[in-house]
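Survey of secondary and tertiary structure
So you can see what is in the structure, the chains are spelled out below.
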Amino acid sequence: TSGSVATSPIDSSDDAYSIPVSIGTPAQVLNLDLDTGSSDLWVFSSLTTASEVNGQNIYTPSKSSTSKLVSGATWKVKYGDESTSSGVVYTDKVTVGGITASSQAVEVAKTVSASFTSNSDIDGLIGMGFDSLNSAKPSAVPTFFDNIIGNLDSPVFTADLKHNKAGSYDFGVIDSSKYTGSLTYVAVDTDPGYWKFTSSGYGIGSAAFKSTSVVGIADTGTTLLYLDTAIVKAYYATVSGASNSATYGGWVFKCSATLPNFVFGVGSAKITIPGSYINYSPVTTGSSTCFGGLQDSTDIGINIFGDVALKAAFVVFDGSDTPRLGWASK
Ligand SMILES: CC(C)C[C@H](NC(=O)C[C@H](O)[C@H](CC1CCCCC1)NC(=O)CC[C@H](O)[C@H](Cc1ccccc1)NC(=O)OC(C)(C)C)C(=O)O
C-alpha cells in the first residue's frame, strides 16, 4: 500500500507543518505536527486539563468504539523549545493519507505546557523518529511508521515541504514528479533516535563550496536551520548590518537586507536554500528588524536541518534495515 497526505504551514512564517490525522470510530480528525525529531504520537484530548485547552481539536476516547486504554502506561515529553506534555495511553484506529494502523498507540494528554495551549494550530504531534526516542513507560510504544511500514510497497515516507503553501508527505512510494534530477542517498545514524546524517559541506552565495563534514538531523518539527558557529558567522558576514542579538536570542538583520543563497552538500549533490528562506520573520510584528532562518547550534549541541532547509528539498526517509536519507532538489 501507499498513500499521500497534504501538509500545510500553520502560519505565514512556516513555523510548523501539520497534517490531518483520523483517530477512532467514527473518525475524529486532528491536525498533528508530523515530527521526525521525536517519536511520540500524542494528542489534545477530553482528558486534557480544561484550562489548558484553547481552541484545539480534541480526541475523546469514550466516543470511539475502537479505543482501548493501555492500563498502567504513561508518557511524558519535553522538547527543545522547553515545551512539555504528558498523560496516559490508548490504542485506537489511526489513518493518515488513506493508510490505517488498526491498533496505534495514541498518547492522550492530561496536561500540556503554555506554549501548546497558546498554539491552536497544533492538536498534537505524530512522531516519526526512531523508537528509542519514544517516552512511554513502562515500555516504548511503536510509532505510526513502525505500524504501517510492513504494509508499505516501499519502507519509506517522503517530505515535500513548501514555503507558504501546501506540500505533501507520501508513504510507501517515491513520487519522481515531486523532484528534479536524481536522489542522492546518505547513511543515517539512528543513535540516539533522530534521522542523523553527515552533510558534505556548504556554500554561501556565489562563494566556493567548502567541503567539510557537518553532522546534523533532518527534523521536520524544527522551524529553522541550526549550524555550527563558524558557518553561521561566515554567512552573516555577507549581510551588511547583521548582528548576533542578545535581545532577540539570535542573528538579526534589516528586513530589507538582501540575503545570499545557502547551499548544503549531500554526497556529491547540492541543495540550494534561497536567501529569501533565511529571512524568517520580523522580530516583532511590523518591526524592520528580521530574525534569521539560519541560527547557531552551539546551545543545542547538535546541528538541525529544520524546515528552512527541508522546504528547499524533496527528502526520502528510508526506514529499511539500513536507514538512510535521500535528498533531491525540486
Ligand atoms: C522528546 C524527545 C525525545 C525529542 C525532542 N525532540 C525535539 O525537541 C525536536 C522536535 O522536532 C521538536 C518538535 C516541536 C516541539 C514543540 C511543538 C512543535 C514541534 N522541535 C523543537 O522543540 C524545536 C522548536 C521548534 O523549532 C519550534 C516549533 C514551534 C512551531 C510553532 C509554534 C511553537 C513551536 N519553533 C520555534 O521555536 O521557532 C522559532 C525559534 C522561530 C520561534 C528532543 O530532542 O528533546
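Predicted model only: the values in this text are computed from it and were never measured. Along each chain, the written sequence defines residue order, and numbers are assigned to residues from 1. For a predicted model such as this one, the threshold for reporting local features is a pLDDT of at least 70, and the threshold for listing and counting side-chain atom pairs is 80 or more; totals across whole chains, interfaces and linings nevertheless cover every residue. Remark: hydrogens and water are excluded; side-chain values derive from all non-hydrogen atoms of the structure.

1. So, unusual backbone geometry
The phi angle of most residues is negative, glycine excepted, and most peptide bonds adopt the trans form. Note the following rule: Helix and strand definitions here come from DSSP, where helices need a minimum of 4 consecutive H or I residues and strands a minimum of 2 consecutive E residues; each element is numbered from the N-terminal end.
Here the residue pair Lys137 and Pro138 is connected by a cis peptide bond, since its omega of 0 degrees sits within 30 degrees of zero. The topology assignment puts Pro138 in the loop between β8 (124–127) and α2 (144–149). Look at the link from Asp191 to Pro192: it is a cis peptide, with omega at 5 degrees. Summarising the element assignment, Pro192 is placed in the loop between β11 (184–187) and β12 (196–204). A positive phi angle, near 75 degrees, is found at Glu82, a position not held by glycine.

2. Describing the site of the ligand
So the rule is basically this: If a single non-hydrogen atom of a residue is within 4 Å of a molecule or strand, that residue counts as near it. Here a polar contact is taken to be a pair of N or O atoms separated by no more than 3.5 Å, where protein atoms must pair a possible hydrogen donor with a possible acceptor and residues adjacent in sequence count only if both atoms sit in side chains. Two kinds of site are reported from a 1 Å grid over the protein atoms alone, namely cavities, where a 1.4 Å probe fits but cannot get out, and pockets, open sets with protein on both sides within 12 Å along at least five of seven lines, and residues are called lining when an atom falls within 4 Å of a point. Should more than half of a molecule's atoms lie within 2 Å of a pocket's or cavity's grid points, that molecule is taken to sit in it. When residue character is reported, Ala, Val, Leu, Ile, Met, Phe, Trp, Tyr, Cys and Pro are called nonpolar, Asp, Glu, Lys and Arg charged, and the others, Gly included, polar.
Neighbouring the ligand are 22 residues, the closest being Asp35, Gly80, Tyr194, Asp219 and Thr223. Between the ligand and Gly80 there is a distance of 2.7 Å, counted from an oxygen atom to a backbone nitrogen or oxygen. For the ligand, an oxygen atom lies 2.7 Å from a polar atom in the side chain of Asp219. Among the cavities detected, the one that contains the ligand is the largest pocket. Per-class residue counts for the shell around the ligand are 8 nonpolar, 8 polar and 6 charged.

3. Here's the deal with the side chain of Lys311
For clarity, the cut-off: When accessible area is computed with a 1.4 Å probe and restricted to protein chains, residues below 20% of their type maximum are described as buried, those above 50% as exposed, and intermediate ones as partly exposed. Contacts were defined at the residue level, with two residues in contact if any of their heavy atoms lie within 4.5 Å.
Relative to the elements of secondary structure, Lys311 occurs in the loop between α4 (307–310) and β23 (314–318). Its relative accessible area of 6% is what places Lys311 among the buried residues. Not counting the four nearest positions on each side in its chain, Lys311 is found in contact with Asp14, Tyr17, Leu161, Lys162, His163, Tyr277 and Lys330.

4. Considerations on the layout of surface pockets
Quick note on the threshold: Grid points are joined across faces, edges and corners, and a volume is the space filled by probe spheres set on the points.
Estimates place the volume of the largest pocket at around 1,400 Å³. The wall of the largest pocket is formed by 43 residues, among which Gly80, Asp81, Gly221, Thr222 and Tyr226 lie closest to the centre. Broken down by secondary-structure element, the contributors of at least two residues to the lining of the largest pocket are β3 (28–35), β5 (68–78), α1 (114–117), β16 (250–254) and β21 (294–296). Of the residues in the lining of the largest pocket, the class split is 18 nonpolar, 15 polar and 10 charged.

5. Side note on the confidence of the model for the protein
As a general rule, the predicted coordinates of low-pLDDT regions are not to be interpreted in detail. For the record, the criterion: Predictor confidence is given residue by residue as pLDDT, running from a minimum of 0 to a maximum of 100.
Scored by pLDDT, the protein comes out at a mean of 98, with 100% of its residues at no less than 70. Our summary of model confidence lists the complex with pTM equal to 0.99 and ipTM equal to 0.98.

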